[in-house]
Amino acid sequence: MAYNRPLLWTIVNAASAATLLLLGACGGGGGSADSTADGAASASAGGTATPVMAAAVPVRNDLANLGQQIFGDTNLSEPRGTACVACHQPGQGFAGNHGSTIGVALGSKAGSLGMRNAPTNSYQGFIPTFSFRTGDDGKAEAIGGHFWDGRADTLALQAQGPFLNPLEMNNPSKQAVVDKIAAAPYAALFRQQFGANIFADTDTAYAQIGVAIEAFERAALQPFSSKYDAMVRGTVKFTPNEARGMALFMDPNRANCSGCHLMDPTTGKPEDSLFSEFTYYATGIPRNTAIPVNADPTFFDLGLCGPARTAPTLPANIVPGTTIDNFCGKFKMPTLRNVAERPNFMHNGFFNNLNEVVRFYSTRNTNPQHWYGPSGVPNDLPAKYRSNIESTEAPFNRAATAGPLLSEPEINDIVAFLHTLSDGFVPGSAPVVTPTPPAPPVPPAPPVRPAPPPRPLNQ
């Protein structure tokens with residue numbers, strides 16, 4: 001981790017779900033792959049779950065406290081043993097994939113395998129509802145919504161999804177979930193918040209589960225407590241490499257990260273730096289061949305065009321000439337807050353090293369063979385949609401012959417800056433020291449990842 005954070009996340013070994021957030025599932029019975037992950041995956045090869053751990057997250061109001069208890073309740077899966085928090089662990093940037101090591105998350109059933117990485121659920125209260133708009137370049141763009149593909153308009157709706165997903169928490173029905181809540185130690189608090197007869201109406205009770213979880217996420221998971229936030233407030237200064245990294249991050253002619261991961265360090269208000277505009281991009285992320293469904297070479301996850309959602313209907317006032325095909329292969333841009341704590345990156349979890357993510361952006365155009373194999377052609381989109389891959393804005397417009405955009409020391413500086421976005425900063429703690437790894441050979445063989453047998457898609 002980037003910094004010592006005992007004041008915010010006290011990690012302990014056995015704790016009651018009624019007062020603490022559980023970080024994993026019991027035994028080896030499975031794990032939650034929150035529908036933010038749109039599925040689940042194997043932990044290592046055997047698909048075992050992580051040990052029970054817990055973290056104290058202070059919550060001040062009753063509705064948020066109720067949501068916290070639901071979020072950490074390992075009885076709400078089938079088989080029991082998996083909580084929502086298994087894929088959104090405080091010590092892993094509110095992500096984590098329930099101990100999976102292949103980039104996508106492990107569900108409550110052993111071997112429950114899906115197709116997407118569980119993104120952070122921190123700072124999700126700032127995401128607008130899904131819509132289309134006209135961008136600064138005059139082109140239509142999608143924005144907002146929850147999950148990688150924006151299919152849920154609110155946090156409350158998103159929170160309902162994992163309970164019924166067979167590759168995630170695997171409950172057979174809303175009634176099954178509501179019955180478990182009604183038998184939980186916090187059932188009285190649920191009645192207090194939503195009415196004495198709330199459990200008599202399954203649909204209403206199920207909807208209120210999402211309302212409670214949303215209240216918890218808004219109350220506890222967007223604290224603006226990072227070193228970056230302290231710097232914005234004027235209470236701390238960056239180290240030289242953090243400052244250099246931020247300058248590169250913001251330079252429109254270099255990394256240009258802030259062109260999409262919006263920030264403004266000059267206002268004195270951390271909430272002006274959400275580090276995403278929550279729009280949708282296809283950036284040519286390499287195919288993760290460890291994902292079981294990718295064993296089928298004809299299968300492609302097309303984000304906004306499915307298969308985890310029905311392609312959205314374009315509004316009547318969309319920019320003329322726009323079709324839904326223009327959005328196929330695009331995924332919502334996540335916030336970079338707490339990014340340095342996450343074990344995997346991108347919608348398909350292809351990357352597990354933050355330096356390698358930045359290196360990809362630096363060399364995608366100039367050394368594509370390293371990322372895609374001998375052909376150098378992006379390999380996780382059908383040919384008909386490759387024109388959707390971003391190529392007009394820096395760093396994606398770099399000429400193929402121009403060489404890497406960033407040097408290895410510059411990559412290290414950007415990563416040092418990204419570590420300042422981790423919540424729980426304690427003044428006086430040691431900054432991150434990012435070692436300089438050797439630059440990759442040119443061109444090396446593409447990464448080889450074993451493909452497990454195909455599994456059914458999540459719905």
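Residues numbered from 1 in each chain as written. Predicted model: local features only at pLDDT ≥ 70, side-chain atom pairs only at ≥ 80, totals over all residues. Heavy atoms only, no water.

1. Notes on the environment of R359
Item 1. Structurally, R359 can be placed in helix α8 (residues 354–363).
Item 2. Residues R359 and E410, spaced 51 residues apart in sequence, show a C-alpha to C-alpha distance of 9.9 Å. (Helix = DSSP H or I, 4+ residues; strand = E, 2+ residues; numbered from the N terminus.)

2. Side note on helix α4 (residues 187–194)
Item 1. Among the residues of α4, those classed as buried are A187, L189, F190 and F194. In a view along the axis of α4, the buried residues occupy a sector of 160°, so they form one face of it. Along α4, exposed side chains directed more than 90 degrees from the buried face belong to A188 and Q192. (Buried < 20%, exposed > 50% of the residue type's maximum accessible area, 1.4 Å probe, protein only. Arc of directions from axis to C-beta.)

3. Let's talk about the packing of aromatic side chains
Item 1. In the structure shown here, the tally under the stated rule is 21 aromatic pairs.
Item 2. Summarising the aromatic geometry, the rings of F360 and W371 are spaced 5.3 Å apart at their centres and angled 90° between planes, so their arrangement reads as edge-to-face. Pair noted here: F360 is in helix α8 and W371 is in helix α9 (residues 368–372), with a separation of 11 residues, a long-range link. Per residue, the accessibility class of F360 equals that of W371, and both read buried.
Item 3. One cation-aromatic arrangement involves R309 over F130; the distance from NZ or CZ to the ring centre is 5.3 Å.
Item 4. Lying over the aromatic face of Y123, R337 brings its terminal NZ or CZ to 5.0 Å of the ring centre. (Phe/Tyr/Trp six-rings, centres within 6.5 Å; stacked < 30°, edge-to-face > 60°. Lys NZ or Arg CZ within 6 Å of the ring centre and 35° of its normal.)

4. Quick look at the nonpolar core
Item 1. Counting 32 residues, the largest nonpolar core has Y228, F275, F351, L354, F417 and L418 as the members making the most contacts within it.
Item 2. Elements represented by at least two residues in this core include exactly α6 (227–233), α7 (240–250), α8, α9 and α10 (408–419).
Item 3. The element that contributes the greatest number of residues to this core is α10, accounting for five residues.
Item 4. Once you skip the residues sitting within four places of it in the chain, F417 turns out to touch Y228, F238, E242, G245, M246, F249, M263 and F275. (Core = buried A, V, L, I, M, F, W, Y, C linked by side-chain atoms within 4.5 Å. Contact = heavy atoms within 4.5 Å.)

5. Focus: the packing of helix α3 (residues 174–182) against helix α5 (residues 202–220)
Item 1. Between α3 and α5, the shortest axis-to-axis distance is 9 Å and the interhelical angle comes to 70°. In terms of orientation, α3 lies roughly perpendicular with respect to α5. Like other packed secondary-structure pairs, α3 and α5 cross with a definite hand, here left-handed. Each of K174, Q175, V177, V178 and I181 in α3 lies in contact with α5, whose residues at this interface are T202, D203, A205, Y206 and I209. (Axes fitted to C-alpha atoms, helices over the stretch in contact; angles between N-to-C directions. Parallel < 35°, antiparallel > 145°, perpendicular 65-115°, else oblique. Left-handed = near helix turned anticlockwise from the far one by under 90°.)

6. So, the state of the cysteines
Item 1. By the definition in use, this model includes one disulfide.
Item 2. Each disulfide pairs two cysteine sulfurs, and for C305 the partner residue is C328, the sulfurs being separated by 2.1 Å. Between C305 and C328 the sulfur-sulfur dihedral comes to about -85°; the bridge is accordingly left-handed. Of this pair, C305 sits in the loop between β8 (280–281) and β9 (331–332) while C328 sits in the loop between β8 and β9, and the two are 23 residues apart along the sequence.
Item 3. According to the relative accessible area criterion, C305 is buried, its value standing at 18%.
Item 4. The exposure class of C328 is buried, given its relative accessible area of 2%. (Disulfide = S-S within 2.5 Å.)

7. Overview of empty space enclosed by the protein
Item 1. Scanning the entire structure with this criterion turns up three cavities of 30 Å³ or more.
Item 2. In terms of lining, the second largest cavity is formed by M115, I291, V293, N294, F299, D301, H347, N348 and D380.
Item 3. Taken together, the residues that form the lining of the second largest cavity break down as four nonpolar, three polar and two charged. (1 Å grid on protein atoms, 1.4 Å probe; cavity = no way out; pocket = protein on both sides within 12 Å on 5 of 7 lines; lining within 4 Å. Points joined across faces, edges and corners; volume = space filled by probe spheres on them. Nonpolar A, V, L, I, M, F, W, Y, C, P; charged D, E, K, R; others polar.)

8. Some remarks on the pairing of strand β6 (residues 131–134)
Item 1. When β6 meets strand β7 (residues 140–143), the two strands line up antiparallel, connected through four bridges. The residue bridging S131 from the neighbouring strand is I143, located in β7.
Item 2. The hairpin turn running from β6 into β7, its antiparallel successor, is five residues long, and G138 in that turn takes a positive phi close to 85°. (Pairing = 2+ DSSP bridges.)

9. Examining the confidence of the model for the chain
Item 1. Averaged over every residue, the pLDDT of the chain is 85; residues scoring 70 or more account for 81%.
Item 2. Of the regions scoring below 50 in pLDDT, residues 1–56 engages in 218 contacts with residues more than four places distant in sequence or in other chains.
Item 3. Under a pLDDT of 50 for its full length, residues 434–459 has, in the predicted model, 61 contacts with residues more than four places off or in other chains. (pLDDT = per-residue confidence, 0-100.)

10. Observations regarding unusual backbone geometry
If a residue is not glycine, its phi is most likely negative; likewise, a peptide bond is most likely trans.
Item 1. G306 connects to P307 through a cis peptide bond whose omega is 15°.
Item 2. Among the structural elements, P307 can be located in the loop between β8 and β9.
Item 3. The step from A394 to P395 runs through a cis peptide bond, and the omega angle for that step is 5°.
Item 4. Its place among the elements puts P395 in the loop between α9 and α10.
Item 5. Here F94, not a glycine, exhibits a phi torsion of approximately 60°, which is positive.
Item 6. Within the element layout of this structure, F94 appears in the loop between β4 (88–89) and β5 (95–96).
Item 7. The phi dihedral of F278 is positive, around 60°, even though this residue is not glycine.

11. Looking at the environment of E277
Item 1. Examined against the element boundaries, E277 turns out to sit in the loop between α7 and β8.
Item 2. What makes E277 buried here is its relative accessible area of 15%.
Item 3. Sequence separation of E277 and T335 is 58 residues, and the distance between their C-alpha atoms is 8.2 Å.
Item 4. With sequence-adjacent residues up to four places away left out, E277 is seen in contact with R133, I143, G259, C260, L262 and M333.
Item 5. Of the polar contacts made by the side chain of E277, one reaches the side chain of T279; its length is 2.9 Å.
Item 6. A distance of 3.1 Å separates polar atoms of two side chains, one belonging to E277 and the other to Y281. (Polar contact = N/O pair within 3.5 Å; in protein donor to acceptor, adjacent residues only side chain to side chain.)

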